[in-house]
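Here's the letter readout for the chains.
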Amino acid sequence: MALIVLRIVFILVAAGVGITVIQVDAFRSALQDQPFWAFIGVLILAFGVIGIDIGVKNKRYDTISGVYFGLLVGLSLTYILGLITQVWFPTENPGAVTAHRALQLVVGMVLCYSCISLVLQTKDDFRFIIPYVEFAKEVKGPKPYVLDTSIVIDGRIADVVETGFFDNVLIMPRFVLAELQGIADSSDKLKRSRGRRGLDILNRLRNNDQVDLKIHDRETPDMEGQPVDMKLVLLAKLLEGKIVTGDYNLNKVAKLHNVEVINLNEIANALKPVFLPGEHLSVRIVKKGEEDSQGVGYLDDGTMIVVEGGRDHINSQVRILVTSVLQTSAGRMIFGRYESLEGGGSGGHKTHANTSA
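The following refers to the structure shown. (Residues numbered from 1 in each chain as written. Predicted model: local features only at pLDDT ≥ 70, side-chain atom pairs only at ≥ 80, totals over all residues. Heavy atoms only, no water.)

## Details of the state of the cysteines
(1) Moving on: With the rule as written, the count across this model stands at 0 disulfides.
(2) Moving on: Among the cysteines around Cys112, which has no disulfide bond, Cys115 carries the closest sulfur, lying 6.9 Å off. (Disulfide = S-S within 2.5 Å.)

## Things to note about the packing of aromatic side chains
(1) Moving on: Following the criterion strictly, the structure yields 1 aromatic pair and no others.
(2) Moving on: A ring pair is formed by Phe10 and Tyr113, whose centres lie 4.5 Å apart and whose planes are at 25°; its orientation type is stacked. With Phe10 in helix H1 (residues 2–21) and Tyr113 in helix H5 (residues 94–122), the pair connects residues that are 103 residues apart, well separated along the chain. For the residue pair Phe10 and Tyr113, the accessibility class agrees, reading buried in each case. (Phe/Tyr/Trp six-rings, centres within 6.5 Å; stacked < 30°, edge-to-face > 60°. Helix = DSSP H or I, 4+ residues; strand = E, 2+ residues; numbered from the N terminus. Buried < 20%, exposed > 50% of the residue type's maximum accessible area, 1.4 Å probe, protein only.)

## Some remarks on the nonpolar core
Buried together is how nonpolar side chains tend to be arranged in soluble globular proteins.
(1) Moving on: Leu147, Ile157, Met172 and Leu205 are the most contacted members of the largest nonpolar core, which has 41 residues in total.
(2) Moving on: Ranked by residues supplied to this core, first place goes to helix H10 (residues 228–239) with 8 residues.
(3) Moving on: Those residues within four positions of Leu205 in sequence are excluded, and the remaining contacts are Leu147, Ala158, Val161, Leu170, Val211 and Leu213.
(4) Moving on: The next biggest cluster of nonpolar side chains, apart from the first, holds 17 residues, and it includes Phe10, Ile11, Val42 and Val106. (Core = buried A, V, L, I, M, F, W, Y, C linked by side-chain atoms within 4.5 Å. Contact = heavy atoms within 4.5 Å.)

## Let's talk about helix H8 (residues 174–184)
(1) Moving on: Those residues of H8 that fall on the buried side of the exposure criterion are Phe175, Val176, Leu177, Leu180 and Ala184.
(2) Moving on: Those residues of H8 that are buried lie in contact with strand E1 (145–147), helix H6 (149–154), strand E2 (170–173), helix H9 (189–206) and H10.

## Describing the sheet that holds strand E5 (residues 261–263)
Neighbouring strands of a sheet are bound in pairs by backbone hydrogen bonds; such pairs are parallel or else antiparallel.
(1) Moving on: Read across the open sheet, the 5 strands follow the order E3-E2-E1-E4-E5; overall the sheet is parallel. A single partner strand is all that each edge strand has here, and the edge strands are strand E3 (213–216) and E5. With strand direction ignored, the average angle separating the axes of adjacent strands in the sheet is 30°.
(2) Moving on: Direction of pairing for strand E4 (residues 242–245) relative to E5: parallel, over a ladder of 3 bridges. Its bridge partner being in E5, Thr245 is matched across the sheet by Asn263.
(3) Moving on: H8 rests against E1, E2 and E3 of the sheet, and its axis sits at about 60° to E2.
(4) Moving on: Against the sheet, H9 engages E1, E2 and E3, with an angle of about 125° to E3. (Pairing = 2+ DSSP bridges. Axes fitted to C-alpha atoms, helices over the stretch in contact; angles between N-to-C directions.)

## Let's talk about the side chain of Asn251
(1) Moving on: For Asn251, the location among the structural elements is in helix H11 (residues 248–256).
(2) Moving on: Asn251 gets classed as buried once you look at its relative accessible area, which sits at 4%.
(3) Moving on: Discounting residues that sit within four places of it in the chain, Asn251 has contacts with Val261, Asn263 and Glu266.

## A short note on the pattern of salt bridges
A side chain with one charge can pair with a side chain of the opposite charge if their charged atoms come near.
(1) Moving on: Under the criterion given, the structure shown has 8 salt bridges.
(2) Moving on: Residue Asp217 pairs with Arg174 through a salt bridge whose shortest N-O separation is 2.6 Å. On the criterion of sequence distance, the pair formed by Asp217 in the loop between E3 and H10 and Arg174 in helix H8 is long-range, its members being 43 residues apart.
(3) Moving on: Note that Glu260 is salt-bridged to Lys242, the shortest N-O span being 3.8 Å. Note that Glu260 is positioned in the loop between H11 and E5 and Lys242 in strand E4, a separation of 18 residues in sequence.
(4) Moving on: Because the salt bridges share partners, they merge into one network encompassing Lys143, Lys242 and Glu260. (Salt bridge = Lys/Arg side-chain N within 4 Å of Asp/Glu carboxyl O.)

## Points about unusual backbone geometry
(1) Moving on: Positive phi, close to 60°, is recorded for Asn258, a residue that is not glycine.
(2) Moving on: Following the sequence through the fold, Asn258 ends up in the loop between H11 and E5.
(3) Moving on: Residue Asn258 is classed as exposed on the basis of its relative accessible area, which comes to 71%.
(4) Moving on: Unlike most non-glycine residues, Asn315 shows phi in positive territory, near 70°.

As C-alpha cells, then:
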C-alpha cells in the first residue's frame, strides 16, 4: 500500500515538473511552440520509471526512516549532478540557467523516487553497502528461519509449517535454491527425483497464503568461495535467525558458530510416544536381530524395537514387555521381551495399560 501511495505522489510530482518545464522558453522554441509535448514527455518518463520498478519482484513495504534516507540520498545526488552539469549551461544566459533548473527538477524527481524505492525494497540488507546503517527487519516472528537443502528435500517442513507450529518468516537463500536446481538437473535418476521433490515442496510453501516464504538473493563478501553449509551459517548470523535442517554435520557446524538450529529429526524424536519399562505393546517381527534369539520390529513412526526371544516369530504379531528404552542421536530404540503371539493381527502397535511382569 505504501508503494502505491508513493507511485501516485510520484505521478503528481511529475505532472508539476512537466508544467514547470513547459514554461521554459528554450523548450518552447525547440518544440516549435508546442510545449504540451514536453509535459507528455515528462509523464511518459514517470510512468516508464514506475513500470521498471514494478518489473522488479519481491517488494517490501516502507518505513519512515527508509523514505527519509532515500530522499536524502536522491537530493544529494541531484545536487552533485547539478554542479557537474552546470558547466554546460552558461550563467550569463538566462535561458540556459532556466533550462538547467528544469533539467535538475527532472533528474531530481527520478533519483529521489529510485533511491526511496531501493531503500524500501532492500532495507534488510542495506548494511552490505553502508556498514553502520541498518534498518529494522520486518519479520512475522522473533527470528527468521533459514532453510537448507536437506530439509526442503525431506519435505516434512511443509507439513510442520502448515500446522501453524512455525509462525516465523522462512528464508530460502538463492544459493540453496541453485543447489536444489542442480540436484534436480542431475544425470543420476535418484538425485534428480530428490531435487524435483524439493522444488515441489518449495512451490507448495510458496502457494500457501499462510506461509511467509522469502527468497534471499544477496550474499556478503565473506560468503564468496565458501561451501553452502558455511554460507548458511553466515547468513543466519547476519539475519540473526535460526537454521532449520536435518543435516547432522550442519547442526554441529552451526552450534560451533553460536548459531541456533532447529533440527526436525530431534523434533520428531521428541514427539514419538514414550514407552516405559514394564509397559506392554504389540509389534510385528519383520527380521532377525544381531543376537541369536533376537527379532526386530518397527512401530508406525519408524522406531526400532529389538525383541528378545522374537527370532522364532518373524512375520508374526507378538505381545512384548518393554525392558528398556535407549535414546540416541539417530532416534529412539526400544528393547523388549517376547511374551505371547497376538491373534493373527497385521503390522502396527497398540499400547496397553502399565502392568507388572
